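In case you want the letters, here they are:
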2 protein chains.
Amino acid sequence: MASSDPGQRDGTIGIKEVALAAGVSPGTVSNVLNRPERVAAGTRARVMQVISELGFVRNGSASSLRAGQGKLVGLMVHDLANPFFTSLAAGVEDLMSERGYAVIVCSSATSVEREDRNVRMLAEQGVRGVLVTPVQDGRDRLKLLHERGIGTVMLDHAATRAQQCSVSVDDIAGGHTAVAHLLEQGARDIAYVSGPLTIRQCADRRAGALKAVRQVPGAALREVEASDLTPRSGQEAAEHLLAELPDAIFCANDLLAMGVLRALLQQGVRVPERVLLMGYDDIEFTTASAVQLTSIRQPTYQLGRIAAELLLEECDNPADHAHQEILFQPELVIRESTTR
Amino acid sequence: MASSDPGQRDGTIGIKEVALAAGVSPGTVSNVLNRPERVAAGTRARVMQVISELGFVRNGSASSLRAGQGKLVGLMVHDLANPFFTSLAAGVEDLMSERGYAVIVCSSATSVEREDRNVRMLAEQGVRGVLVTPVQDGRDRLKLLHERGIGTVMLDHAATRAQQCSVSVDDIAGGHTAVAHLLEQGARDIAYVSGPLTIRQCADRRAGALKAVRQVPGAALREVEASDLTPRSGQEAAEHLLAELPDAIFCANDLLAMGVLRALLQQGVRVPERVLLMGYDDIEFTTASAVQLTSIRQPTYQLGRIAAELLLEECDNPADHAHQEILFQPELVIRESTTR
DNA sequence: GCAGGTAAGTAAAACGTGTCAATCCGTTAT
DNA sequence: ATAACGGATTGACACGTTTTACTTACCTGC
């Protein structure tokens, strides 16, 4: 008798066991799960009841094998410890979670080998699409994905192929806004503390800054190029400015600005009384700085959400999906470091 | 003629197409992929050659359906925007990537509903194991995972069931080390600016601090409890201390310390000359603060790596796996905020 | 009362891989 | 020379779900 107990043999509960217990066929259970509108209300309720009683959990592997696509997407960023990317990742994760998707997060660590490995891994997992901040331009490392019909959305990077969405922030406008603000405050001798100009963001912000300066007669932009975007480099860069202080300093990033601020305060230079100071990114942690930092806020979290939404739209409707390049406008956040 | 072209019908290349092209059976191709040692060197080379020529990518869904387990693990944290968790996530991701695993990252946003949803989702995806910082104690929300034989490792939290690994940092020792350092510097009237004491970490650090104070005659600990662990709360908390300044202030976290520092400097209180100040966590971004902050460093990245390693060990060898509770010792990092 | 239509549910065939018993073939021991 | 052996390979089935074509029952309009 006990040996003929059905559905409890090995403890694993599948669609079949549910069907048996609910007195329907497996196909109907599948319909309840995937197209509930096609099954009568009564049956649907009974099946759902059994599902929760038995603690049935759908097998995602079987599901995506048969259906040809699952509920997974990939997210590949440069660095999981960088606040910019994590805020972005938070946006992506929130939206995907709302939509019932799981996110495989991976880091390329700005290494092309690792990027390739990740791309392969994502392809194997059969992800529905991938959000990516590519390591570098050049030959198309995402080819493998495109061949397999896996959609990609570029994050904080212009699209590299015609048929592709991208989401980024207008760094030229950001640089312009920043310097225009400094000019408005009366500054004329302005310094730009940049990161490496090979980084697109740094170069674009510089371009915007130059544009703003040219619009005001008598204004000039000095430049110092730091070797990376850290507080330490900012501090070193500031030393080049101590001999002849400018009216205002615009930094390519908040971390640089923190370093500059530290160098200035150590030398007894008062901010903002003697020098105005601006950062970029408006990272959360600068609120703790000795002088509250004026900055350019980028909607990183929103960036992630929008990009995620675009990706899903493309996945759900690959036929008539219009690829778009979304360009966010950054926002000026004024605090005490530029307020006399 | 063209109609009999095998293996190119629908453009999708599977194990069968590879087998055909290499002149072996699908079973052999599978063996090359999973147990290369069982197939002769010559055959193996030929198969691998064909695999790369045809651009074969294994179907992970089919693989894990048949094998009963895949190359996926889950990571669930409270908040993807918190540097503590992201540093930890970076450690997990690095190790998993080295071992060929993909990581599904999700955030519980300290909501039990979302935690439950994530648990279910991870179970559906058939993850091999899960690394988790649980939202709260009480009834076992991870039951679903354990029923299905999915291993879990607790992150920064003691194990809640006997058969479970956990990785955390000794917060009592950390609190003790911090305050012992302040005492050594000559402070006797010490204030502890805490977060909510319902948070285990805050309570443990307090316990350690008290222990240190009791060991030195004449020393005393005042306490202020902030409502959360942000710079803003730190600033508010500091105002309770301005009337009668202590010799030193120990904060439950660097963000609080940043707020306290700001409040002190605004009032013209010099750090460290008048008051010593200590934080906790040693987050990267405090290096940018006006006064470099002494702190207690937690090996967050290593924490992630070790936890990941434990999880894989448990997965690969569930039989004779000895569950362990690993307790890291935090490290004192002395900077100018406690150096006269 | 009957043809035609629709809604609800069923049965069975896939999806692409892993596994295991079975087979093949060349080598060694008797 | 034959039997026993062992390594290399094969063939076919199973994993749990989705999906398609099909059946059944019921309703509508003439």
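Please refer to the structure placed before this passage.
As the structure is a prediction and not an experimental result, all values here were calculated from the model.

**Here's the deal with the state of the cysteines**
Residues and elements named next belong to chain A.
Thought 1: The tally for this structure, following the rule as stated, stands at zero disulfides over all chains.
Thought 2: Its sulfur unpaired, Cys251 is 11 Å from the next cysteine sulfur, which belongs to Cys202.
Thought 3: Here Cys251 falls in the buried class, since its relative accessible area comes to 0%.

**Let's talk about the sheet that holds strand β7 (residues 220-225) of chain B**
Residues and elements named next belong to chain B.
Thought 1: Taking strand neighbours across the sheet as the criterion, the four strands line up as β7-β6-β8-β9 in an open arrangement whose pairing is parallel. Edge positions in the sheet fall to β7 and β9 (276-278), since each has one partner strand and no second. Averaged over neighbouring strand pairs, the angle between their axes works out to 20 degrees when direction is ignored.
Thought 2: Bridge count for strand β8 (residues 248-251) against β9 is three bridges, and the pairing is parallel. Across the sheet, residue Ile249 finds its bridge partner in β9, namely Leu277.
Thought 3: Strand contacts of helix α10 (residues 231-242): β6 (189-194), β7 and β8, with the helix running at about 135 degrees to β7, the strand carrying the most contacts.

**Topic: the relation of the copies chain B and chain A**
Thought 1: In screw terms, the move from chain B to chain A is a rotation of 180 degrees and a rise of 0.2 Å along the axis, fitting with an RMSD of 0.2 Å. What we have between these two chains is a two-fold relation.
Thought 2: Comparing contact sets, 100% of the residues at the interface of chain B also lie at the interface in chain A, consistent with an isologous, same-surface contact.

**Things to note about the packing of aromatic side chains**
Residues and elements named next belong to chain B.
Thought 1: Throughout the structure, instances matching the rule amount to six aromatic pairs over all chains.
Thought 2: Between Phe84 and Phe85, the ring centres sit 5.4 Å apart and the planes meet at 80 degrees, which makes this aromatic pair edge-to-face. Of the two residues, Phe84 and Phe85, neither departs from the other in class, the shared state being buried.
Thought 3: Summarising the aromatic geometry, the rings of Phe250 and Tyr280 are spaced 6.3 Å apart at their centres and angled 45 degrees between planes, so their arrangement reads as tilted. In this pair, Phe250 is assigned in strand β8 and Tyr280 in the loop between β9 and β10 (295-297), connecting sequence segments 30 residues apart.

**Description of the protein's contact with DNA strand D**
Thought 1: For DNA strand D, the set of nearby residues contains 22 residues, the closest of which are Ile15(A), Ser30(A), Arg66(A), Thr28(B) and Thr43(B).
Thought 2: Between DNA strand D and Arg58(A) there is a distance of 3.4 Å, counted from a phosphate oxygen to a side-chain nitrogen or oxygen.
Thought 3: Between DNA strand D and Arg66(B), the relevant distance is 2.9 Å, taken from a base nitrogen to a side-chain nitrogen or oxygen of the residue.
Thought 4: Across the surface near DNA strand D, the residue classes break down as seven nonpolar, ten polar and five charged.

**Some remarks on the protein's contact with DNA strand C**
Thought 1: Around DNA strand C sit 23 residues, and of these Thr28(A), Thr43(A), Arg66(A), Ile15(B) and Arg66(B) come closest.
Thought 2: In the environment of DNA strand C, a base nitrogen lies 2.3 Å from a nitrogen or oxygen atom belonging to the side chain of Arg66(B).
Thought 3: The set of elements that each furnish at least two residues to the surface near DNA strand C consists of α4 (60-67) of chain A together with α1 (15-22), α2 (26-34) and α4 (60-67) of chain B.
Thought 4: In terms of residue count, the dominant contributor to the surface near DNA strand C is α4(B) (four residues).

**Side note on the sheet that holds strand β6 (residues 189-194) of chain A**
Residue and element names in this part refer to chain A.
Thought 1: The sheet built from four strands is open, its strands ordered β7-β6-β8-β9 with parallel pairing. A strand with exactly one partner marks an edge of an open sheet, and here the two such strands are β7 (220-225) and β9 (276-278). Across this sheet, the average inter-strand angle for adjacent strands is 20 degrees, counted without regard to direction.
Thought 2: Pairing analysis gives four bridges linking β6 to strand β8 (residues 248-251), with the strands arranged parallel. Bridging from a neighbouring strand, Ile190 pairs with Ala248 of β8.
Thought 3: Packed on one face of the sheet, helix α9 (residues 200-214) meets β6, β7 and β8 and runs near 160 degrees to β7.
Thought 4: On the sheet, helix α11 (residues 254-266) packs against β6, β8 and β9 and is oriented at approximately 150 degrees with respect to β8.

**So, the interface of chain B and chain A**
Thought 1: Between chain B and chain A, the contact holds 48 residues from the first and 49 residues from the second.
Thought 2: At the boundary of chain B with chain A, total buried surface from both sides reaches about 4200 Å², with 55% on carbon and sulfur atoms.
Thought 3: Contact with chain A buries area across many residues of chain B, yet Val57(B), Arg262(B) and Phe285(B) alone supply 15% of it, more than any other trio.
Thought 4: Scanning the region where chain B abuts chain A turns up six salt bridges.

What counts and what doesn't
- Sequence order as written defines residue numbering, which begins from 1 separately in each chain.
- Chains and ligands are labelled by the order in which they are written, letters from A for the one and numbers from 1 for the other.
- Confidence filtering applies because this is a predicted model: local features only for residues at pLDDT of at least 70, side-chain atom pairs given and counted only at 80 or more, and all residues used for totals across whole chains, interfaces and linings.
- Water and hydrogen atoms play no part in the side-chain values, which are based on all heavy atoms of the structure.
- Cysteine sulfur atoms that come within 2.5 Å of each other are treated as a disulfide pair.
- Each residue gets one of three labels from its accessible area relative to the maximum for its type: buried under 20%, exposed over 50%, partly exposed in between, using a 1.4 Å probe on protein chains only.
- Being paired, for any two strands, means DSSP has found at least two bridges between them.
- Numbered from the N terminus, helices here are DSSP runs of H or I no shorter than four residues, and strands are runs of E no shorter than two.
- Angles shown run from 0 to 180 degrees and are taken between the N-to-C directions of axes, each axis being a line fitted to C-alpha atoms and, for helices, limited to the stretch in contact.
- Whether two residues are in contact is decided by their heavy atoms, any of which lying within 4.5 Å being enough.
- A residue counts toward the fit only if its pLDDT is at least 70 in both copies, and the copies are then superposed by least squares on the C-alpha atoms of those residues.
- Two rings belonging to Phe, Tyr or Trp (six-membered ring only in the last case) form a pair when the distance between their centres is within 6.5 Å. Interplanar angles under 30 degrees mark stacking, angles over 60 mark edge-to-face geometry, and anything in between is tilted.
- Here a residue counts as near a molecule or strand whenever at least one of its heavy atoms sits within 4 Å of it.
- Polar contact criterion, stated in full: a pair of N or O atoms within 3.5 Å, where within protein one must be able to donate a hydrogen and the other to accept it, and residues adjacent in sequence count only if both atoms are side-chain atoms.
- Here the nonpolar group is Ala, Val, Leu, Ile, Met, Phe, Trp, Tyr, Cys and Pro; Asp, Glu, Lys and Arg are the charged ones; every other residue, Gly included, is treated as polar.
- Each of two parts loses accessible area, computed with a 1.4 Å probe, when they are put together; buried area is these two losses added.
- The rule for a salt bridge is simple: a side-chain nitrogen of Lys or Arg has to be within 4 Å of a carboxyl oxygen of Asp or Glu.

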